[in-house]
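Each chain, written out:
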Amino acid sequence: YVRTINSLSTPPNYNDRYGSLVSGYLRSETGGQVVFNVSGDDEVYFKLSTDNSPDNLVLINGDINNPTSLDTITLVANQYYYFELTHIEFGGQDYAAVAWKADFLPDGISSNNWVTVGGDYIYDACDAPCEVRGTPCDDGDTMTENDQADGNCNCVGAPITTNSCVGERGISQTYLYKN
């Protein structure tokens, strides 16, 4: 089962006796100091690369049923950092989450509040880090123009319309035929 998530956390109480792997890239436009807090049930392991390569993963935590925070890490602005969150569930309640405190978050790194890493900082795992949304690309479709990266490793273009009878974009007309 593959699912897109909008934060660095798994759905709670999903099932029993399963394992999951969440992988992708973290990136902050401003960078700064960060402290991570990893929690979950039953076993949760969070690894963060020193760069965008899966070959440079470092275990941030590996404790069972015990939230763990790490010393301060400095993230470079606009650098992609590959990550993997491994979750193993035996039975009962289940979840996995990675929270953080950071210079670039509204409450800052000295806050008492942990914030789950949100979708604004997570990028899909694909063969290479995804291009920033709006970057020109070629989707290979001759029937589109103005191709741009969508920020999720896809290149999409706008359909080329030469037929003046198509109508206004975004408007749909419904017709009903009887007999």
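Residues numbered from 1 in each chain as written. Predicted model: local features only at pLDDT ≥ 70, side-chain atom pairs only at ≥ 80, totals over all residues. Heavy atoms only, no water.

Would you explain the pairing of strand E7 (residues 81-89) in this entry?
Regular strands place their side chains on alternate faces of the sheet. With 7 of 9 residues buried, E7 lies mostly within the body of the structure. The pairing of strand E1 (residues 18-26) with E7 spans 9 bridges and is antiparallel. Directly across from Gly 24, in E7, lies its bridge partner Phe 83. Pairing of strand E3 (residues 43-49) with E7 involves 6 bridges; the strand directions are antiparallel. In the sheet register, Lys 47 faces E7, and the bridge partner there is Glu 84. (Buried < 20%, exposed > 50% of the residue type's maximum accessible area, 1.4 Å probe, protein only. Helix = DSSP H or I, 4+ residues; strand = E, 2+ residues; numbered from the N terminus. Pairing = 2+ DSSP bridges.)

Help me understand the nonpolar core in this model?
Core analysis: the largest hydrophobic core is formed by 24 residues, its most contacted members being Leu 8, Leu 26, Phe 36, Phe 46, Leu 48, Leu 85 and Trp 100. Secondary structure elements with two or more residues in this core: E1, strand E2 (32-41), E3, strand E6 (73-75), E7 and strand E8 (95-102). At 4 residues, E8 tops the list of elements feeding residues into this core. Beyond its immediate stretch of four places on either side in the chain, Leu 48 contacts Leu 26, Phe 36, Asn 56, Leu 57, Val 58, Ile 60, Ile 73, Tyr 81, Tyr 82 and Phe 83. (Core = buried A, V, L, I, M, F, W, Y, C linked by side-chain atoms within 4.5 Å. Contact = heavy atoms within 4.5 Å.)

I would appreciate a short explanation of the environment of Ser 20 in the present structure.
Checked against the element boundaries, Ser 20 lands in strand E1. Between the C-alpha atoms of Ser 20 and Ile 88, which are 68 residues apart in sequence, the distance is 6.6 Å. Beyond its immediate stretch of four places on either side in the chain, Ser 20 contacts Thr 10, Leu 85, Thr 86 and His 87.

Would you take a moment to explain the side chain of Asp 147 for this structure?
Within the secondary structure, Asp 147 is located in strand E11 (residues 144-149). Of note is the side chain of Asp 147, whose polar atom sits 3.1 Å from the backbone nitrogen of Asp 139. (Polar contact = N/O pair within 3.5 Å; in protein donor to acceptor, adjacent residues only side chain to side chain.)

So what exactly am I meant to see when it comes to the environment of Ala 158 here?
By the secondary structure assignment, Ala 158 is in strand E12 (residues 155-159). Look past the residues within four positions of Ala 158 in its chain and what remains in contact with it is Met 143, Thr 144 and Glu 145.

Is there a simple way to think about the pairing of E3 in this case?
Counting buried positions along E3 yields 5 of 7 residues, so the element is predominantly enclosed. Bridging between E3 and strand E4 (residues 57-61) involves 4 bridges; their strand directions are antiparallel. Each bridged residue has a counterpart across the sheet, and for Ser 49 the counterpart in E4 is Leu 57.

Before we go on, may I ask you to explain the packing of aromatic side chains in this structure?
The geometry of an aromatic ring pair comes down to the distance between the two centres and the angle between the two planes. With the rule as written, the count across this model stands at 10 aromatic pairs. Geometrically, the ring pair formed by Tyr 25 and Tyr 80 is edge-to-face, given 6.0 Å between the ring centres and 90 degrees between the ring planes. Taken together, the residues span a long stretch of sequence, with Tyr 25 in strand E1 and Tyr 80 in the loop between E6 and E7 at a distance of 55 residues. Residue classification places Tyr 25 among the buried positions, given a relative accessible area of 3%. Pairing Phe 36 with Phe 46 gives two aromatic rings, centres 5.5 Å apart and planes at 50 degrees, and the pair type is tilted. Of the two residues, Phe 36 is situated in strand E2 and Phe 46 in strand E3; the sequence distance between them amounts to 10 residues. The pair Phe 36 / Phe 46 is uniform in exposure class, with both members buried. Here Lys 101 stacks its cationic end above the ring of Trp 114, 4.4 Å away from the centre of that ring. (Phe/Tyr/Trp six-rings, centres within 6.5 Å; stacked < 30°, edge-to-face > 60°. Lys NZ or Arg CZ within 6 Å of the ring centre and 35° of its normal.)

Just checking my understanding: could you explain the environment of Ser 28 for this structure?
Tracing the sequence through the fold places Ser 28 in the loop between E1 and E2. Every residue in contact with Ser 28, bar those within four places of it in the chain, is listed here: Val 76, Ala 77, Asn 78, Phe 104 and Tyr 121. In this structure the side chain of Ser 28 is engaged in a polar contact, spanning 3.1 Å, whose partner is the backbone nitrogen of Gly 31.

Explain the sheet that holds E3 here, please?
In a beta sheet, neighbouring strands pair by backbone hydrogen bonds and run either parallel or antiparallel. With antiparallel pairing, 5 strands are arranged side by side in an open sheet as E4-E3-E7-E1-E10. A single partner strand is all that each edge strand has here, and the edge strands are E4 and strand E10 (122-124). Between one strand axis and the next, the sheet turns through 35 degrees on average, direction left out of account. (Axes fitted to C-alpha atoms, helices over the stretch in contact; angles between N-to-C directions.)

In short, geometric facts, not functional conclusions.
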